[in-house]
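# Coordinate analysis (summary)
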Amino acid sequence: MARILFFGKLADAAGGRSRDWPLGEATKTIDDLVSALCAKEDALASALGEKSVRFIINEMIAPRDAAISDEDEIAFLPPVSGG
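Summary of the structure given here.

What counts and what doesn't
Residues numbered from 1 in each chain as written. Predicted model: local features only at pLDDT ≥ 70, side-chain atom pairs only at ≥ 80, totals over all residues. Heavy atoms only, no water. Pairing = 2+ DSSP bridges. Helix = DSSP H or I, 4+ residues; strand = E, 2+ residues; numbered from the N terminus. Axes fitted to C-alpha atoms, helices over the stretch in contact; angles between N-to-C directions. Buried < 20%, exposed > 50% of the residue type's maximum accessible area, 1.4 Å probe, protein only. Lys, Arg positive; Asp, Glu negative; His and termini not counted. Salt bridge = Lys/Arg side-chain N within 4 Å of Asp/Glu carboxyl O. Polar contact = N/O pair within 3.5 Å; in protein donor to acceptor, adjacent residues only side chain to side chain. Contact = heavy atoms within 4.5 Å. Arc of directions from axis to C-beta. Phe/Tyr/Trp six-rings, centres within 6.5 Å; stacked < 30°, edge-to-face > 60°.

Each strand in a sheet pairs with its neighbour through backbone hydrogen bonds, running either in the same direction (parallel) or in the opposite one (antiparallel). Taken in spatial order, the 5 strands make up an open sheet running β2-β1-β5-β3-β4, and their pairing is mixed. Each having just a single partner strand, β2 (18-21) and β4 (60-62) make up the two edges of the open sheet. Adjacent strand axes in the sheet meet at a mean angle of 30°, parallel and antiparallel pairs treated alike.

Tracing the backbone through its elements, the reader meets D72 in the loop between β4 and β5 (73-77). No salt bridge is formed by the buried D72; the nearest opposite charge belongs to K28, separated by 11 Å. Within the structure, D72 has its side chain in polar contact with the backbone nitrogen of S69 (distance 2.7 Å). In contact with D72, other than residues within four places in its own chain, are A2, R3, I57, N58 and A67.

Here the focus is helix α2 (residues 30-40). Turning to α2, its buried residues number three or more, namely I30, L33, V34, L37 and C38. The buried side chains of α2 occupy one side of the element, clustering within an arc of 130° when seen end-on. Turned more than 90 degrees away from the buried face of α2, the exposed residues are A39 and K40. Structurally, α2 contributes buried residues whose contacts are with β1 (2-6), β2, α3 (42-48), β3 (54-57), β4 and β5.

Within this structure, the stated rule accounts for 2 aromatic pairs. Judged by centre distance (5.6 Å) and plane angle (15°), the rings of F6 and F76 are stacked. Taken together, the positions of F6 in strand β1 and F76 in strand β5 put the pair 70 residues apart, joining distant regions of the chain. On the accessibility criterion, F76 (0% relative accessible area) is buried. Seen in terms of ring centroids, F55 and F76 are 5.7 Å apart; in terms of plane orientation they differ by 85°. Their pairing is edge-to-face. Of the two residues, F55 sits in strand β3 while F76 sits in strand β5, which places them 21 residues apart along the sequence.

As C-alpha cells, then:
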C-alpha cells in the first residue's frame, strides 16, 4: 500500500494528514491516484482539482504523469502564497 500525505488545506479536505491506499492495477500514475481519490471524495476532488497543487514522490517533486507504486510515499502540497 502506498502512503498518501496531505498538507495544509488538502489535509482538511481529506479529513486527515495521511492514509494508506492500495494502488491496484489501474493506478499507475499520480494522475490515476488523483482520479481515484476524487471519485470517492467530493471535498478532496475540489481541493485536488486546483492547478497549483504540487506532487511529491518519496521526497522528490514529481509531475502529474509520474509513475507510482505501492512502496511509494506520495505527498500532495497545496498552493502556497506569500508576500
